[in-house]
Amino acid sequence: MYQQKDFVLTIEGLTVSFDGFKAVNDVSLYIEEQEIRVIIGPNGAGKTTVLDLICGRTKATEGSIKFKGKELTKLKEHEIVHAGVGRKFQNPSIYEDLTVFENLELSFPRGKKVWGALTFSRDQEVIDKVTEIAEMIFLQDKLDSPANLLSHGQKQWLEIGMLLIQDPELLMLDEPVAGMSVSERKQTAELLQRITKDRSVLVIEHDMHFVEEIADRVTVLHQGQVLSEGSMEKVQNDPKVIEVYLGH
Ligand SMILES: Nc1ncnc2c1ncn2[C@@H]1O[C@H](COP(=O)(O)OP(=O)(O)O)[C@@H](O)[C@H]1O
Ligand SMILES: [Mg+2]
């Protein structure tokens, strides 16, 4: 067990059963503030299902998920987003016909007050925030480009930007660098390191070079259970992990 610390996310005994098959089986995870945690594991290990459970897309059969002390297993998906959990899926869901600016603008959270005050004129606060996020995601020169002209990697960044503009305290990414070029992967690592100044990140990833570059801690899932956990070096040298990745 870890020492008592401020965990952003505390998952205990998390289990989901699909027709008797436990895709996630008694998983416990403790994510700290500003931590980048990477979940690795073979296909079918239950990685995506863990993110589905956290964001409320799938309901847990057993166990608890506490985010800043608040139990998420009882909340609906939009309530979980509102609580400060952002989740990026494997395929980008951006608006292809809209510009980078417009995509980011649409994701800007509008409280009732702001919404009421906003007519057709772009509020300066929105413009400033969009500009700040565009710089962060390396798209400051693309604000007026339609999203369909972006590279695959740039689309992934745009979607990360659309989440960042909502300022989540926990950001979850499922295989963010899949299909990216080497230089895009480097930039993505830099991006993730930058954004953890004020949030935690939970990433599923297969690219071990990328994992090594970003992970504070790695959790290895196998058949719905935590097989190993710790630094990249520790899990890489764990005989149980080597067995799963190289054995049979
Ligand atoms: N909604 C579902 N209904 C039934 N089985 C599911 C469902 N979602 C996932 N599974 C199964 O759970 C297991 C874990 O899937 P998944 O979490 O997608 O694995 P990973 O992301 O690690 O590759 C797989 O065997 C998958 O077929
Ligand atoms: Mg998956």
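What counts as what
- Residues numbered from 1 in each chain as written.
- Chains lettered and ligands numbered in written order.
- Predicted model: local features only at pLDDT ≥ 70, side-chain atom pairs only at ≥ 80, totals over all residues.
- Heavy atoms only, no water.
- Helix = DSSP H or I, 4+ residues; strand = E, 2+ residues; numbered from the N terminus.
- Rg over C-alpha atoms; globule rule 2.2 N^0.38 Å.
- Buried < 20%, exposed > 50% of the residue type's maximum accessible area, 1.4 Å probe, protein only.
- Contact = heavy atoms within 4.5 Å.
- Areas by Shrake-Rupley, 256 points an atom, 1.4 Å probe, with all protein chains shown as cover.
- Lys, Arg positive; Asp, Glu negative; His and termini not counted.
- Charge placed at Lys NZ, Arg CZ, Asp CG, Glu CD.
- Domains from an automatic or database assignment.
- Buried area = accessible area lost by both parts, 1.4 Å probe.
- Polar contact = N/O pair within 3.5 Å; in protein donor to acceptor, adjacent residues only side chain to side chain.
- Pairing = 2+ DSSP bridges.
- Right-handed = clockwise from strand over helix to strand, strands pointing away.
- Near = heavy atom within 4 Å.

Participant: So what about the overall build of the protein? Which residues, and what values?
Facilitator: Tallying secondary structure elements over the protein gives 10 helices and 10 strands in all. Its C-alpha atoms give the protein a radius of gyration of 19 Å, near enough to 18 Å, the size a compact globule of 248 residues would have. Expressed as a percentage of the 248 residues in the protein, the buried residues total 50%. A fraction of 69% describes how many contacts in the protein between residues 6 or more apart in sequence connect residues 24 or more apart. As displayed, the protein offers around 12,800 Å² of accessible surface, 49% of which is attributable to carbon and sulfur atoms. The centroid of the 28 positive side-chain charges in the protein is displaced by 4 Å from the centroid of its 40 negative side-chain charges.

Participant: Quick rundown of helix α3 (residues 100–107)? Include the residues and the values.
Facilitator: Taking burial as the measure, the eight residues of α3 include six buried ones, the bulk of the element. Here α3 has its buried residues at Val-100, Phe-101, Asn-103, Leu-104, Glu-105 and Ser-107. For α3, the elements touching its buried residues are α5 (124–136) and α6 (152–164).

Participant: Tell me what's going on with the domain arrangement of the protein, and back it up with residues and numbers.
Facilitator: Split by domain assignment, the protein resolves into domain 1 (1–84 + 168–176 + 191–248) and domain 2 (91–166). Between the C-alpha centres of domain 1 and domain 2 there is a distance of 27 Å. Buried area between domain 1 and domain 2, summed over both chains or domains, comes out near 830 Å², and the portion from carbon and sulfur atoms is 74%. Interface area lost by domain 1 to domain 2 is led by Pro-168, Leu-191 and Arg-194, which between them contribute 53%. Among the elements of the structure, β7 (170–174) and α7 (182–195) are those that each provide at least two residues to the side of domain 1 that touches domain 2. With three residues, α7 is the largest single contributor of residues to the side of domain 1 that touches domain 2.

Participant: Mind laying out unusual backbone geometry, listing which residues take part and the relevant values?
Facilitator: The phi angle at Phe-138 is positive, at roughly 65 degrees, despite the residue not being glycine. Checked against the element boundaries, Phe-138 lands in the loop between α5 and α6. A positive phi angle, near 55 degrees, is found at Asp-167, a position not held by glycine. For Asp-167, the position within the fold is in the loop between α6 and β7.

Participant: Let's hear about the side chain of Thr-219: which residues, and what values?
Facilitator: Relative to the elements of secondary structure, Thr-219 occurs in strand β9 (residues 217–222). Taking relative accessible area as the criterion, Thr-219 reaches 1% and is therefore assigned buried. At 2.9 Å, the side chain of Thr-219 forms a polar contact with the side chain of Arg-37. Discounting residues that sit within four places of it in the chain, Thr-219 has contacts with Leu-29, Arg-37, Val-38, Ile-39, Ile-40, Val-226, Ser-228 and Glu-229.

Participant: I'd love a proper account of the pairing of β7, names of residues and values included.
Facilitator: With respect to burial, β7 is a largely interior element, five of its five residues being buried. The alternating pattern of β7 places Leu-170, Met-172 and Asp-174 and Leu-171 and Leu-173 on opposite faces, both of which are buried. In terms of strand pairing, strand β6 (residues 85–88) meets β7 through four bridges, oriented parallel. The residue bridging Arg-87 from the neighbouring strand is Met-172, located in β7. Relative to strand β8 (residues 200–204), β7 runs parallel, the two sharing five bridges. By the bridge assignment for β8, Met-172 is matched with Leu-202. Chirality of the crossover, the property in question, places the unit of β7, α7 and β8 among those that are right-handed.

Participant: I'd love a proper account of the site of ligand 1, names of residues and values included.
Facilitator: Surrounding ligand 1, one finds Phe-18, Phe-21, Ala-23, Pro-42, Asn-43, Gly-44, Ala-45, Gly-46, Lys-47, Thr-48 and Thr-49. Here Gly-44 contributes a backbone N or O atom positioned 2.7 Å from an oxygen atom of ligand 1. Contact distances for ligand 1 include 3.0 Å between an oxygen atom and a backbone N or O atom of Gly-46. Relative to its unbound accessible surface of 570 Å², ligand 1 loses 57% to contact with the protein. Of all the secondary-structure elements, those providing two or more residues to the shell around ligand 1 are β2 (21–32) and α1 (47–54). Per-element accounting of the shell around ligand 1 gives the leading share, three residues, to α1.

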